[in-house]
Amino acid sequence: MKLLHCPLISAYKPKLHSQNYPFSRRNSVDFVSIGGKSRISVAVVNAAADSGRGAKAETAATAVVVEKPTMERRRFEVLPGKPLPFGATATDGGVNFAVFSSNATSATLCLITLSDLPQKRVTVQIFLDPLANKTGDVWHVFLKGDFENMLYGYKFDGKFSPEGHFFDSSQIVLDPYAKATVSRGEYGVLGPEDDCWPLMAGMVPSAADQFDWEGDLPLKFPQRDLVIYEMHVRGYTNHESSGTKFPGTYRGVVEKLDHLKELGVNCIELMPCHEFNELEYYSYNSVLGDYKFNFWGYSTVNFFSPMGRYSSAGLSNCGLVAINEFKYLVKEAHKRGIEVIMDVVFNHTAEGNENGPIVSFRGIDNSVFYMLAPKGEFYNYSGCGNTFNCNHPIVRQFIVDCLRYWVTEMHIDGFRFDLASILTRSSSLWDAVNVYGNSTDVDVITTGTPLTSPPLIDMISNDPILRGVKLIAEAWDCGGLYQVGMFPHWGIWSEWNGKYRDIVRQFIKGTDGFSGALAECLCGSPNLYQEGGRKPWNSINFVCAHDGFTLADLVTYNDKHNLANGEDNKDGENHNNSWNCGEEGEFASISVKKLRKRQMRNFFLCLMVSQGVPMIYMGDEYGHTKGGNNNTYCHDNYINYFRWDKKDESSSDFFRFCCLVTKFRHKCESLGLDGFPTAERLQWHGHAPGTPDWSETSRFVAFTLVDKVKGELYVAFNASHLPVTITLPDRPGYRWQPLVDTGKPAPYDFLTDDLPGRETAAKQYSHFLDANQYPMLSYSSIILLLSPDDDA
């Protein structure tokens, strides 16, 4: 290959191998590369060449290298750029690139065409001059030119040391502020040469990128009115029985949103949809004869990017289609009266410990983004190898910027924060100067210490955009910090109420000593939230979630059965508070199966009559089983897929029950109170009215609740192995009528007005009701409604 002569190239020919070329602060640049194995890079700078001043070279500002084995011609104008906003920002004139790194000694912007990405080949490198392209700790540059099918990343150089710095100038790293991440186009398919970690790059945005929201606005439902449904995007429609055109994608979810409307759900909580690498745990699983995946997605690669392989279009338009399909899901959910909450994982990232890959944060400024010990060891409060340095000023601003983006640009209605207690821990080298910028006499606080007023939580809680959305904390972490009822809340944060889950499981299965605790749960856990000034809706009540047994497995297994994970059944929680109803596993006697159905109804009914916000786990509404596996994080198969064929089976009468109970909750003014119920509205009862039994041996809880729509409700739970006949509160001129009885076979477990044979079924207990009594089977629950007594 022959180099074309020009003054600039002649003058700097000795520097070709350094890949650094000084240009003027403002130049029009043609990038030309000609194919060949030598991959010689050619840069022609018109402004310098035309003026004849190439050998003199003005103040160095930018350096460019083109590497591409095929003919390619791009024209860019290179300007210093601005330090804000972070990320790649498109304007009518071009794109501004800005990235933070306080410890890097050099930075290079790498432009990569979509066709070059699989070969990990950089198309254009632009060296950033610390004098012209750096303000404070922010590196920046502005480019004008043709960005079609163009991606970007960075290379940083600096100190490499085990004490905290992982700079590697040969490594292309992903911009934390990239709005779309592009690597592989198809879920679960390996990269070139079977690479599980192929090169990742960010989408270069365009000012022309638009999405038609059709006037979409936030629904802003009062939180007390929510019924939340925890959903996995891929798992919801990827089973062949879904019959969707786009299975396992955002569009697939849209195809099945009407199922949620039928169930009575008005809010979906999406398991992680930030970009993650499902091949992170990729390995052969000899137990099932398939491969292990990071199916759940709790290992984020990029927090601004929607998961690209949940898109139906793969790499189309460099990731823009994934953004638009996510927006389409939110828009269509809102049309159906369903809010969308995201499960966000700001406690750690996919880069793991010191042996993990350099993907983004680690290669940009490891000591800033991660919580490190003095000798560079990674704190591991997340249980996943690293801990995000959430209360560092740079990191907390990053998190706030990210949350704002999802609210303003993606129309998200709220967030559930995974292992949120980590967000309350002090950052590395935490002190008042580091956090607030002013000197104080306060001693330095040990890294990881829980803070009473964490700066990050303070920022989110008082942010003019974020304080208006739903904020839900998983108020514990893997370092032993458990904050249920004590999470710093500023009056607006809610919590996954893990204590509700444990207490309800214990009581319903018949464990002594939980009657009083169940009463607290039914009232919205005032023992946890009232003293702090919060409300019942600050409690997110759940019996089951993605982590742990499904509802069907909760009544089918005493022990976990996780052999399918390939970890010798050593993974997963050992204490599940479950009960198999007498026989272990799905193959059981008819009597045991009937009892299990009752218990499932008992759990669901308890969830729906409790004050607070109920959350349903995907698939529980038809009785999905995972075979007793309580830690299915690694399975991209039927274990985690919603089984539409099972939901549609005529034997799935549990789905009917769930729909009716959920809709009944919506109709009752008293089951979603804004404040904790008082004696004016709620009365406790035992086997006899007005005499509740809170003793250690009591397994019966009952209450009446005044409702402005339904009049009055009588709700009772008999968790004893013995049947009981109860005496009902006397209401002169009125008569109690049965509505729900989990002890009756379907469809008579819920007596709807249009149910054939309803009157006959109701009359079966008329002689009891005439005496103001009602018989309850063992392990059963009921709802009775008060109606005028025509015979009175």
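Residues numbered from 1 in each chain as written. Predicted model: local features only at pLDDT ≥ 70, side-chain atom pairs only at ≥ 80, totals over all residues. Heavy atoms only, no water.

**Description of a nonpolar patch on the surface**
Taken together, the side chains of Val287, Leu288, Leu563 and Tyr638 present a nonpolar region at the surface, about 370 Å² in accessible area. Residue position: leucine 288 is located in the loop between β19 (283–285) and β20 (290–292). Given the relative accessible area of 31%, leucine 288 is considered partly exposed. (Patch = residues over 30% accessible without salt bridge, like charges linked within 9 Å, V, L, I, M, F, W, Y side chains within 5 Å. Areas by Shrake-Rupley, 256 points an atom, 1.4 Å probe, with all protein chains shown as cover. Salt bridge = Lys/Arg side-chain N within 4 Å of Asp/Glu carboxyl O. Helix = DSSP H or I, 4+ residues; strand = E, 2+ residues; numbered from the N terminus. Buried < 20%, exposed > 50% of the residue type's maximum accessible area, 1.4 Å probe, protein only.)

**Digging into the nonpolar core**
Ranked by size, the top nonpolar core spans 203 residues in total, and within it Phe97, Leu111, Tyr229, Phe415 and Phe417 carry the most contacts. By residue number, the principal contributor to this core is helix α15 (residues 590–609), which donates 10 residues. Setting aside residues no more than four positions away along its own chain, phenylalanine 415 makes contact with Ile341, Met342, Val344, Leu403, Trp406, Val407, Val469, Lys470, Leu471 and Ile472. (Core = buried A, V, L, I, M, F, W, Y, C linked by side-chain atoms within 4.5 Å. Contact = heavy atoms within 4.5 Å.)

**What about unusual backbone geometry?**
Here the residue pair leucine 84 and proline 85 is connected by a cis peptide bond, since its omega of 0° sits within 30 degrees of zero. Relative to the elements of secondary structure, proline 85 occurs in the loop between β4 (72–79) and β5 (87–90). Each neighbour pair has its own omega, and for alanine 746 with proline 747 the value is 5°, a cis peptide bond. Not every positive phi belongs to a glycine, and glutamate 193 is a case in point at roughly 55°. Checked against the element boundaries, glutamate 193 lands in the loop between β14 (181–182) and β15 (201–203).

**Description of helix α12 (residues 515–522)**
Burial in α12 covers these residues: Ser515, Leu518, Ala519, Cys521 and Leu522. Seen from one end, α12 has its buried residues packed into an arc of 160°, which puts them on one side. The elements touched by buried residues of α12 are α11 (498–508), α15, β28 (682–685), β29 (700–707) and β30 (711–718). Positive phi shows up at glycine 524, right after α12, with a value of about 90°. (Arc of directions from axis to C-beta.)

**What about the sheet that holds β28?**
Read across the open sheet, the 5 strands follow the order β28-β29-β30-β34-β32; overall the sheet is antiparallel. The open sheet terminates on both sides in strands that have one partner only, identified here as β28 and β32 (734–741). On average, each strand axis in the sheet is tilted by 20° relative to the strand beside it, whichever way the strands run. Packing of α15 onto the sheet brings it into contact with β29, β30, β32 and β34 (780–788), and relative to β34 it is tilted by some 50°. (Pairing = 2+ DSSP bridges. Axes fitted to C-alpha atoms, helices over the stretch in contact; angles between N-to-C directions.)

**Let's talk about the pattern of salt bridges**
It is possible for side chains of opposite charge to pair when their charged atoms get near one another. Inspection of every chain in the model, using the stated rule, returns 33 salt bridges. Glutamate 332 is paired through a salt bridge with arginine 336; the nearest N and O atoms lie 3.2 Å apart. Relative accessible area serves as the criterion here: at 22%, arginine 336 is assigned to the partly exposed category.

**Regarding the packing of aromatic side chains**
All chains considered together, the criterion is met by 59 aromatic pairs. Centroid distance phenylalanine 97 to tyrosine 152: 5.2 Å. Interplanar angle 65°. Geometry classified as edge-to-face. Of this pair, phenylalanine 97 sits in strand β6 (residues 95–100) while tyrosine 152 is found in strand β11 (residues 150–157), placing the two residues 55 residues apart along the sequence. Where phenylalanine 361 meets phenylalanine 398, the ring centres are 5.7 Å apart and the plane angle is 80°; that geometry is what we call edge-to-face. A residue pair is termed long-range when its members are at least 10 positions apart, and phenylalanine 361 in helix α7 (residues 361–369) and phenylalanine 398 in helix α8 (residues 393–408) qualify at 37 residues. Residue classification places phenylalanine 398 among the buried residues on the basis of a relative accessible area of 1%. (Phe/Tyr/Trp six-rings, centres within 6.5 Å; stacked < 30°, edge-to-face > 60°.)

**Quick word on the confidence of the model for the protein**
On average, the protein scores 89 in pLDDT, and the residues at 70 or more come to 88%. Below pLDDT 50 for its whole length, residues 1–71 participates in 142 contacts with residues either more than four positions away or in separate chains. (pLDDT = per-residue confidence, 0-100.)

**Overview of the environment of glycine 572**
Looking at where glycine 572 falls in the secondary structure, it is placed in the loop between α14 (551–554) and α15. Exposure remark for glycine 572: the relative accessible area of 32% places this residue in the partly exposed category. Put simply, glycine 572 and aspartate 547 are 25 residues apart on the chain and 8.6 Å apart in space, counted from C-alpha to C-alpha. In this view, glycine 572 contacts Lys560, Asn562, Asn630 and Asn631; residues no more than four positions away in its chain are not counted.

**Some points on the pairing of strand β26 (residues 539–542)**
Of the two faces of β26, the one holding Ser539 and Asn541 and the one holding Ile540 and Phe542 are both buried throughout. Where strand β25 (residues 494–496) lies against β26, 2 bridges are found, and the strand directions are parallel. For glutamate 495, the partnering residue across the bridge sits in β26 and is serine 539.

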